[in-house]
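Chain by chain, the residues run as shown.
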Amino acid sequence: MELSGGEILVQCLIDEGVEYIFGYPGGAVLHIYDALFKQDKVKHILVRHEQGATHAADGYARSSGKPGVVLVTSGPGATNAVTGIATAHMDSIPMVILSGQVPMAVIGSDAFQEADIVGITRPCVKHNFLVKDVTKLAATIKQAFYLATTGRPGPVLVDVPKNLTDPRVKVPYEYPSSVSLRSYNPHVKGHRWQIKKAVDLLLAAKRPMFYTGGGIVLGEASAELTELTRLLGYPITNTLMGLGAYPGTDKQFVGMLGMHGTYEANMAMHECDVLFAAGARFDDRITGIIAEFCPYAKVIHIDVDPSSISKNVRVDIPIVGEVKLVLAEMLELIKASDKQPDAEALAEWWKQIDTWRGLDSLGFDRNADVIKPQYVVEQLWEMTHGDAYVTSDVGQHQMWAAQFYKFDKPRRWINSGGLGTMGFGLPAAIGTKLAFPDADVFCITGEASIQMCIQELATARQYRTGIKIVNLNNGYMGMVRQWQEFSYGSRYSQTYLETLPDFVKLAESYGHVGIRIDKRSDVRAALEEAYRQKDRTVFLDFHTDPTENVYPMIEAGKAHHDMRLAPGVNIDTELA
Amino acid sequence: MSHIISILIENESGALSRVSGLFSARGYNIESLTVAATQDPTLSRMTLVTSGSDEIIEQITKQLNKLIDVVKLIDISEFTHIERELMMVKTRATNGGREEIKRLAEIFRGNILDVTPTTYIIEITGEKSKLDAFLHTVGEENIIEVVRSGTTGILRGERGLSV
Ligand SMILES: Cc1cc2nc3c(=O)[nH]c(=O)nc-3n(C[C@H](O)[C@H](O)[C@H](O)COP(=O)(O)OP(=O)(O)OC[C@H]3O[C@@H](n4cnc5c(N)ncnc54)[C@H](O)[C@@H]3O)c2cc1C
Ligand SMILES: Cc1ncc(C[n+]2csc(CCOP(=O)(O)OP(=O)(O)O)c2C)c(N)n1
Ligand SMILES: [Mg+2]
């Protein structure tokens with residue numbers, strides 16, 4: 001088969017089984033758009049800003065586990081995509097970005113809409129390519145998908161000069177059936193001896209603690225993790241990125257850990273004697289100051305990326321490998337072992353943890369007239385039976401979503417953790433809804449974040465993606481305002497949003513349904529109303545308590561057991 | 001302590017900037033970096049001298065290995081090895097100093113590559129410390145210009161770095 005470069009790109013996507021490509025046209029990609037026009041296998045989703053394309057592809061990837069695919073033009077198209085690429089990179093999300101480039105003959109001449117996107121994205125991609133030969137196009141695309149989806153996943157950008165896609169130049173096409181790169185062998189199986197040592201240490205623990213993260217979701221290891229945790233009866237916490245990898249409603253789950261984690265999760269981390277970390281990267285949002293992190297613990301760490309191990313925290317038993325395979329091997333060893341967990345020590349440990357739990361560190365005023373944001377999330381969780389897909393933006397609302405929507409399944413919670421990108425939630429919800437058209441998809445957002453990609457309401461309309469937007473509108477950049485309240489003497493420098501749009505009218509102007517809610521008693525009814533409108537996008541504008549803060553909080557420079565609790569929660573009296 | 005990391009890397013455009021970019025992005029030191037083709041035209045060999053605590057060196061080698069273009073690397077300073085750097089020094093060579101500089105060059109087994117009535121260019125090869133010592137001995141006031149290649153190195157014995 002002889003094809004032009006533009007046709008090759010499209011045919012590669014078809015051969016890769018790509019369903020959707022999220023993009024925005026421009027001069028450098030016109031040939032590719034023409035090739036897209038002539039087929040109907042790959043559906044193009046026209047966003048309204050290239051950042052939206054990357055976040056939508058990202059939401060598609062996080063919810064489905066398949067790589068997200070993006071197409072942007074050279075120069076501003078490509079630079080607009082950078083935030084979304086960096087977002088995917090920080091959270092290890094598989095994505096392939098095709099960017100148009102100026103023709104090879106003029107690269108380097110400051111040509112119209114030229115940007116060195118390979119150079120610009122180098123630090124925020126897993127890998128990138130500038131293709132210089134049309135006969136190498138198919139092999140490069142194959143490599144891009146292979147790199148994006150294997151080992152520690154991540155975004156891969158392929159920059160394609162316009163002349164390579166010229167419809168008049170046809171070359172033989174064959175999509176490679178396999179790839180092998182001498183310089184890239186993602187480790188898969190863990191070291192048997194290390195795994196055995198880890199099992200011995202786990203079985204000997206008196207105060208064990210499981211700490212697991214996004215790697216369990218990425219590595220599809222939820223079932224193995226759940227079985228192992230239940231088999232041993234040990235307590236487990238998840239990072240923000242790991243929520244749902246272990247059922248959030250299970251009694252062994254002690255909630256999220258870290259800066260806004262529960263009291264019991266952080267205390268159990270502090271006091272444990274064996275820490276079992278899997279697919280988590282000891283981010284500074286969970287360690288607090290490193291010197292006081294898990295002072296009594298021996299640490300086991302499973303990660304597919306060797307550079308995650310002993311990066312921030314020294315590890316006693318490192319295991320490099322696919323978490324799914326390693327956990328399965330551990331299960332096998334434990335089942336075959338004649339040793340058992342120390343039941344007496346474990347009972348003592350659970351007693352301690354339950355005492356911490358008794359503090360109810362996520363408590364809030366459920367009877368207030370004003371709408372407490374936590375209440376909205378809790379009601380949403382109840383109404384959807386914990387089974388919706390929830391995307392989020394960045395800020396207080398994100399933390400409340402993480403704390404109060406108890407995810408029982410992986411890939412249901414879709415948020416930007418590593419980069420913390422405001423503007424992520426709405427396009428990510430569109431991508432998620434495209435991946436699962438029959439599912440309920442909610443975007444929990446804030447009035448500041450939603451405005452960063454608000455233009456994607458048009459995309460939601462064009463493709464009839466009936467998503468539900470839960471805007472926790474507190475009138476402030478709440479998360480920043482909270483820091484200013486705690487650390488800057490309540491000097492709210494530039495965090496009040498004076499001129500907010502009327503979100504109801506805004507939603508309506510895009511052809512959606514808008515509802516404003518001011519009273520607690522109307523919260524549930526509004527949620528139900530949105531829920532009923534399956535095919536419509538509904539914008540719920542909840543006007544919530546502007547003074548509410550996220551608790552607990554580990555403030556900057558504090559250790560992970562040194563938490564600031566909600567006013568009125570007193571550790572000494574309540575735990576006495 | 002300085003570490004000498006030898007790297008075999010795909011001979012692709014941009015490969016060098018992936019390495020140097022990694023160092024600047026993560027705040028690692030680079031004392032020197034040399035790169036040249038190998039007998040296999042698809043590979044380049046890079047020698048990178050860096051320093052840091054054991055933890056940092058461990059991260060550096062892991063992060064380098066993570067680069068898709070890096071095929072293989074080894075911290076040769078952990079094994080018996082030979083390291084060499086090439087230096088060319090342009091010195092003042094006038095009157096009484098002329099003989100003295102020539103004598104020093106001989107002691108350091110240097111070659112005089114260029115002679116003018118007032119200058120010499122001296123080539124010296126050796127470990128970094130030897131080159132430093134030569135410069136020290138010649139004295140700042142006699143030095144017009146110094147060009148150093150940066151350190152390269154190779155393992156002793158049978159063992160080598162190859163694909
Ligand atoms: C406002 C805000 C507040 C935040 N507060 C908190 C907080 O209170 N608590 C919290 O936890 N986070 C919080 N975060 C998120 C935080 O910044 C980090 O994104 C998060 O903690 C990282 O999660 P993780 O350790 O699970 O790592 P991820 O980023 O999910 O990384 C996954 C790890 O798993 C590895 N991995 C991937 N695939 C596999 C596989 N197949 N097998 C084995 N290993 C694999 C990867 O190499 C990597 O090391 C907050 C973020 C924001 C924006
Ligand atoms: C693109 C971007 N710019 C700035 C920030 C810093 N930031 C973090 S949270 C936040 C405020 C978010 O406000 P809002 O969306 O209203 O959420 P709230 O905290 O009020 O729930 C800001 C500005 C960010 N995370 N992302
Ligand atoms: Mg707000």
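In this convention, every chain numbers its residues from 1, walking through the sequence in written order. All chains are assigned letters beginning with A, and all ligands numbers beginning with 1, in the order in which they are written. Per-residue local features of the predicted model are confined to residues with pLDDT of at least 70, and side-chain atom pairs are confined, for both listing and counting, to 80 or more; whole-chain, interface and lining totals are unaffected and use all residues. Computation of side-chain values: all heavy atoms of the structure, hydrogens and water removed.

Section: the packing of helix H3 (residues 50-64) of chain A against helix H4 (residues 76-90) of chain A
Residues and elements named next belong to chain A.
Thought 1: Note on definitions: angles span 0 to 180 degrees between N-to-C directions of axes, and those axes are lines fitted to C-alpha atoms, for helices only across the stretch in contact. Where helices and strands are cited, they refer to DSSP runs of H or I of at least four residues and of E of at least two residues respectively, numbered from the N terminus. Between H3 and H4, whose axes approach to 7 Å, the crossing angle comes to 30°. In terms of orientation, H3 and H4 fall into the roughly parallel class. The handedness of the crossing between H3 and H4 is right-handed. On H4, the residues touching Glu50, Gln51, Thr54, His55, Asp58 and Arg62 of H3 are Gly77, Asn80, Ala81, Thr83, Gly84, Ile85, Thr87 and Ala88.
Thought 2: Polar here means any residue other than Ala, Val, Leu, Ile, Met, Phe, Trp, Tyr, Cys and Pro, which are nonpolar, and Asp, Glu, Lys and Arg, which are charged; Gly is therefore polar. In terms of residue class, the contact of H3 with H4 is built from three nonpolar, eight polar and three charged. In what follows, roughly perpendicular refers to angles from 65 to 115 degrees, roughly parallel to angles under 35, roughly antiparallel to angles over 145, and oblique to any angle outside these ranges. When the near helix sits turned anticlockwise from the far one by under a right angle, the crossing is termed left-handed; a clockwise turn instead gives a right-handed crossing. Should any heavy atoms of two residues lie within 4.5 Å, those residues are counted as being in contact.

Some remarks on the environment of Gly395 of chain A
Residue and element names in this part refer to chain A.
Thought 1: Its location among the elements puts Gly395 in the loop between strand E15 (389-392) and helix H15 (396-404).
Thought 2: Only protein chains enter the accessibility calculation, which uses a 1.4 Å probe; a residue is then buried when its area is under 20% of its type maximum, exposed when over 50%, and partly exposed in between. When its relative accessible area of 8% is taken as the criterion, Gly395 is described as buried.
Thought 3: Between the alpha carbons of Gly395 and Lys132 there is a distance of 42 Å; along the sequence they are 263 residues apart.

Focus: the domain arrangement of chain A
Residues and elements named next belong to chain A.
Thought 1: Assigned domains within chain A: domain 1 (2-172), domain 2 (192-357) and domain 3 (373-543).
Thought 2: Source of the domain bounds: an automatic or database domain assignment. When each unit is reduced to the centre of its C-alpha atoms, the spacing between domain 1 and domain 2 is 38 Å.
Thought 3: Counting from both sides, the interface comprises nine residues of domain 1 and, opposite them, eight residues of domain 2.
Thought 4: Values labelled buried area give the accessible surface lost by two parts on being combined, using a 1.4 Å probe and summing over both. Taking both partners together, domain 1 and domain 2 bury about 610 Å²; carbon and sulfur atoms supply 54% of that area.
Thought 5: When the buried surface of domain 1 facing domain 2 is broken down by residue, Asp91, Gly151 and Arg152 rank first, second and third, together holding 61% of it.

Focus: the site of ligand 1
Residues and elements named next belong to chain A.
Thought 1: One heavy atom within 4 Å of a molecule or strand makes the whole residue count as near it. Near ligand 1 there are 35 residues, and of these Gly214, Thr239, Arg281, Asp303 and Ser308 occur at the shortest range.
Thought 2: Note on areas: Shrake-Rupley, 1.4 Å probe, and residue coverage restricted to the protein chains presented here. When the free accessible area of ligand 1 is taken as 990 Å², the share hidden by the protein chains comes to 97%.
Thought 3: No other element matches the three residues that helix H8 (residues 214-218) contributes to the shell around ligand 1.
Thought 4: Class assignment for the residues of the shell around ligand 1 results in 13 nonpolar, 15 polar and seven charged.
Thought 5: The two domains that each donate at least three residues to the shell around ligand 1 are domain 2 (192-357) and domain 3 (373-543).

Side note on the coordination of the magnesium ion (ligand 3)
For a metal bound by four donors in tetrahedral geometry, the ideal donor-metal-donor angle is 109.5 degrees, whereas six donors in octahedral geometry ideally sit at 90 or 180 degrees.
Residues and elements named next belong to chain A.
Thought 1: Ligation of the magnesium ion (ligand 3) by protein atoms is provided by Glu447 (OE), Glu447 (OE), Asn474 (OD1) and Tyr476 (O), these donors lying 2.1 to 2.6 Å from the ion.
Thought 2: Here the coordinating atoms are restricted to nitrogen, oxygen and sulfur within 2.8 Å of the metal centre, or 3.2 Å for Na, K and Ca, and because water is not among them the sites may look incomplete. A site with four donors is called tetrahedral when every donor-metal-donor angle falls between 85 and 135 degrees; four donors are called square planar, and six octahedral, when opposite donors sit more than 155 degrees apart and all other angles fall between 65 and 115; any other arrangement is irregular. Geometry at the magnesium ion (ligand 3) is irregular, judged from the six donor atoms that bind it and their angles of 52 to 176° at the metal.
Thought 3: For the magnesium ion (ligand 3), the donor residues sit on a single chain with the sequence spacing E-x26-N-x1-Y. One end of the pair, Glu447, is in the loop between strand E17 (441-446) and helix H17 (457-462); the other, Tyr476, is in the loop between strand E18 (468-473) and helix H18 (478-487), and 29 residues separate them in sequence.

Section: the sheet that holds strand E5 (residues 95-101) of chain A
For sheets, the rule is that strands pair by backbone hydrogen bonds, running either parallel or antiparallel.
Residues and elements named next belong to chain A.
Thought 1: Taken in spatial order, the six strands make up an open sheet running E3-E2-E4-E5-E7-E6, and their pairing is parallel. Sheet topology places strand E3 (43-46) and strand E6 (127-130) at the edges, where each strand pairs with a single neighbour. Neighbour-to-neighbour, the strand axes of the sheet open up by a mean angle of 20°, direction not taken into account.
Thought 2: Note: strand E2 (residues 20-23) against E3, four bridges, orientation parallel. Following the sheet pairing, Ile21 is matched in E3 by His44. For two strands to count as paired, DSSP must find a minimum of two bridges between them.

Concerning helix H12 (residues 323-336) of chain A
Residue and element names in this part refer to chain A.
Thought 1: Its 14 residues give H12 an end-to-end C-alpha distance of 20 Å, which sits within 8% of 20 Å, the value for a rise of 1.5 Å per residue.
Thought 2: Buried within H12 are the following residues: Val323, Val326, Leu327, Glu329, Met330, Leu331, Leu333 and Ile334.
Thought 3: Against the buried residues of H12 lie helix H7 (192-203), H8, helix H9 (222-232), strand E12 (274-278), strand E13 (298-303) and strand E14 (317-320). A helix is expected to reach a length of 1.5 Å times the quantity of its residues less one.

So, the site of ligand 2
Residue and element names in this part refer to chain A.
Thought 1: Gln396, Ser449, Tyr476, Gly478 and Met479 are the nearest of the 17 residues found near ligand 2.
Thought 2: Here an oxygen atom of ligand 2 sits 2.8 Å away from a polar atom, N or O, in the main chain of Gln396.
Thought 3: Coverage of ligand 2 by the protein amounts to 77% of the 580 Å² it exposes when considered alone.
Thought 4: Secondary structure elements with two or more residues in the shell around ligand 2: H15 and H18.
Thought 5: Considering each element in turn, the shell around ligand 2 owes the most residues, three residues, to H18.
Thought 6: Here the residues of the shell around ligand 2 are counted per class, giving eight nonpolar, eight polar and one charged. Within 3.5 Å is the distance limit for a polar contact, defined as a pair of N or O atoms, with the added protein rule that one can donate a hydrogen and the other accept it, and that residues adjacent in sequence qualify only through two side-chain atoms.

Looking at empty space enclosed by the protein
All names here are of chain A.
Thought 1: A pocket here means an open set of points on a 1 Å grid, computed over the protein atoms alone, that has protein on both sides within 12 Å along at least five of seven lines. A cavity is instead a set of points where a 1.4 Å probe fits but cannot get out; residues with an atom within 4 Å of a point line either one. Grid points are joined across faces, edges and corners, and a volume is the space filled by probe spheres set on the points. A complete count under the given rule lists two cavities of 30 Å³ or more for this structure.
Thought 2: Roughly 50 Å³ of internal volume is contained in the largest cavity.
Thought 3: As for the largest cavity, its lining consists of Ala460, Arg461, Arg464, Thr465, Gly511, His512, Asp535, Arg536 and Thr537.
Thought 4: In terms of residue class, the lining of the largest cavity is made up of one nonpolar, four polar and four charged.
Thought 5: By volume, the second largest cavity amounts to about 30 Å³.
Thought 6: Contributing to the lining of the second largest cavity are Lys433, Asp440, Val441, Phe442, Gly466, Lys468, Tyr531 and Lys534.
Thought 7: For the lining of the second largest cavity, a count of residues per class yields three nonpolar, one polar and four charged.

Focus on the domain arrangement of chain B
Size of an interface: often given as the accessible area lost when the parts come together.
Residue and element names in this part refer to chain B.
Thought 1: Partitioning chain B into structural domains gives domain 1 (2-78) and domain 2 (82-152).
Thought 2: For domain 1 versus domain 2, the distance between C-alpha centres works out to 29 Å.
Thought 3: Across the contact, five residues belong to domain 1 and five residues belong to domain 2.
Thought 4: Here domain 1 packs against domain 2, burying approximately 430 Å² in sum over the two surfaces, 66% of which is carbon and sulfur.
Thought 5: Throughout this description, the term salt bridge denotes a Lys or Arg side-chain nitrogen within 4 Å of a carboxyl oxygen of Asp or Glu. The tally of links between domain 1 and domain 2 comes to zero salt bridges.
Thought 6: Taken together, domain 1 and domain 2 are joined by one residue pair in polar contact (both at pLDDT 80 or more).
Thought 7: Among the secondary structure elements, those contributing two or more residues to the side of domain 1 that touches domain 2 are strand E2 (32-37) and strand E3 (43-51).
Thought 8: Among the residues making up the side of domain 1 that touches domain 2, the classes are represented as two nonpolar, three polar and no charged.

A word on the environment of Ser63 of chain A
All names here are of chain A.
Thought 1: Among the secondary structure elements, Ser63 is positioned in helix H3.
Thought 2: Each C-alpha atom of the pair Ser63 and Leu500 lies 31 Å from the other, and the pair is 437 residues apart in sequence.
Thought 3: Residues contacting Ser63, with those up to four places away along its chain left out, are Tyr389, Arg411, Ile414, Thr432, Ala435 and Phe436.

Regarding the state of the cysteines
Residue and element names in this part refer to chain A.
Thought 1: Cysteine sulfur pairs qualify as disulfides if the two atoms are within 2.5 Å. All told, the structure shown has zero disulfides over all chains when counted by the stated rule.
Thought 2: Between Cys272, a cysteine without a disulfide, and Cys294, which holds the nearest cysteine sulfur, the sulfur-to-sulfur distance is 4.5 Å.
Thought 3: By relative accessible area, which is 5% here, Cys294 ends up buried.

A closer look at the pattern of salt bridges
Thought 1: According to the stated counting rule, one finds 45 salt bridges over all chains in the structure shown.
Thought 2: With its nearest N and O atoms 3.4 Å apart, the salt bridge here joins Glu555 of chain A to Arg564 of chain A.
Thought 3: Residue class for Arg564 of chain A comes out partly exposed when judged on its relative accessible area of 32%.
Thought 4: With its nearest N and O atoms 3.1 Å apart, the salt bridge here joins Glu85 of chain B to Arg148 of chain B.

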